[in-house]
Amino acid sequence: MESAPWRPLFEEHVQAAGSPLLSLATVFKGINGNPFPRVRTCVLRGFFAGLQLHPNAKRDLKLASGRSANDESDDEDASYLNPRKYESDLLSITTDARSGKVKHILSGNEVGGPVECLLWSPKAFAQWRIKGKAYVVGGSCSDTMELKARQEVEQYLRLKEDTDKPWSWEKEMTTQFANLSPAMRDTFRQALPGLPKSGPAPELQDSGKGLVDLTDPVARKNFRVVVIKPEEVEYIHDEGPGNIRNERFRWKLDSQLYLVNVDMSCSLESPFPPLVHVKATTQQHSSLNAQPPSHRYLLLLLTLLPLSPSLLSSLSSLSVQITAYSPGVNAAFDCLV
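Predicted model, so just to flag it, every value in this text is computed and none were measured.

Reading guide: rules and limits
Residues numbered from 1 in each chain as written. Predicted model: local features only at pLDDT ≥ 70, side-chain atom pairs only at ≥ 80, totals over all residues. Heavy atoms only, no water. Core = buried A, V, L, I, M, F, W, Y, C linked by side-chain atoms within 4.5 Å. Buried < 20%, exposed > 50% of the residue type's maximum accessible area, 1.4 Å probe, protein only. Helix = DSSP H or I, 4+ residues; strand = E, 2+ residues; numbered from the N terminus. Contact = heavy atoms within 4.5 Å. Salt bridge = Lys/Arg side-chain N within 4 Å of Asp/Glu carboxyl O.

## Structural notes on the nonpolar core
- Counting 31 residues, the largest nonpolar core has W6, F10, L24, W128, I228 and W251 as the members making the most contacts within it.
- The element contributing the most residues to this core is strand β6 (residues 126-137), with five residues.
- If we skip the residues at most four places from it in the chain, W128 touches W6, L9, F10, H13, C117, L118, L119, V233, E234, Y235 and W251.
- In terms of nonpolar packing, the next biggest core, distinct from the first, is built from 30 residues, F48, W169, M173 and V225 among them.

Structure follows, in structure tokens:
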């Protein structure tokens, strides 16, 4: 399994955004069973199994393992960390087991639930909309639903490094917890916000400077990681009306292979309707199925929508560039009309 074709551009735009905030929508079912959308802002914690550790997290993990905080030994050999054995295209966020989003994801009969995320990177003029299925992990290894969720996530982990060193879910969850600030960790020991003011004041735990203990039983009982499997990814570059760089790409997961659909809009210097659409869809050639994944490619079928003779006569030239990505291939097509 190769990495998703949209991932490099997505990572570039996440870095450009500075603070990787995304809006996460879940489905809430009312008393009558009618579905209602619920959305909230979350911090994107990166791709699952590829967490970038904060220096303070490394320090606290070393202390929790009995090492000195000044120990400068190689992190790759640290027993308190999982080896970089796997990687994935699964998005991850941290949350509280008592939160509404967890209840929404687990409200059905299946292990996971449908979600939709939206990330806006203002400096890149990029909007990313990701539809998929979310799984909640971080609970007890004796819980049946927890084990089923782990099994679902494991299907989408790619082997990055062939090593005999063991990889464990417990270490991964502890690493995720350690990567939060002490103040953020402490929130998992406190009462959830939003309690009625008329009721008794919530009993607060002694927080001091935050929570340093990575094994605190109350905090870890409430701590969860939501892992999102992207099934449809849409990228829109939008610099405003009339900009020729405005474009839209859509990738859809099909049998662990992303097929791309392009719908680009280019502005024209014309008094007539300002947009001409160039659409492209992709297909995987059947004769390539037996070849290695690195040899797969995508066939682009370009269709220019019908233009009226009056519009064509008013155009001097129209330059359209479409870039389509597939695993191992970066193909650019320049069309001049």
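Having seen the model, we can carry on.
## What about the pattern of salt bridges?
- All told, the structure shown has 18 salt bridges when counted by the stated rule.
- As a salt-bridge pair, E146 and R150 come within 2.8 Å of each other at their nearest N and O atoms. Placement of both E146 and R150 in helix α4 (residues 144-154) is noted, with a separation of four residues, approximately one turn of the helix.
- Among the residues examined, E146 registers a relative accessible area of 5% and is labelled buried.

## Some remarks on the environment of W6
- Of note, W6 is situated in the segment before α1 (7-17).
- Spatially, the C-alpha atom of W6 lies 9.3 Å from that of V260, the residues being 254 residues apart in sequence.
- Ignoring any residue separated from it by four or fewer positions in sequence, one finds W6 in contact with F47, D89, W128, P230, V233, W251 and Y258.

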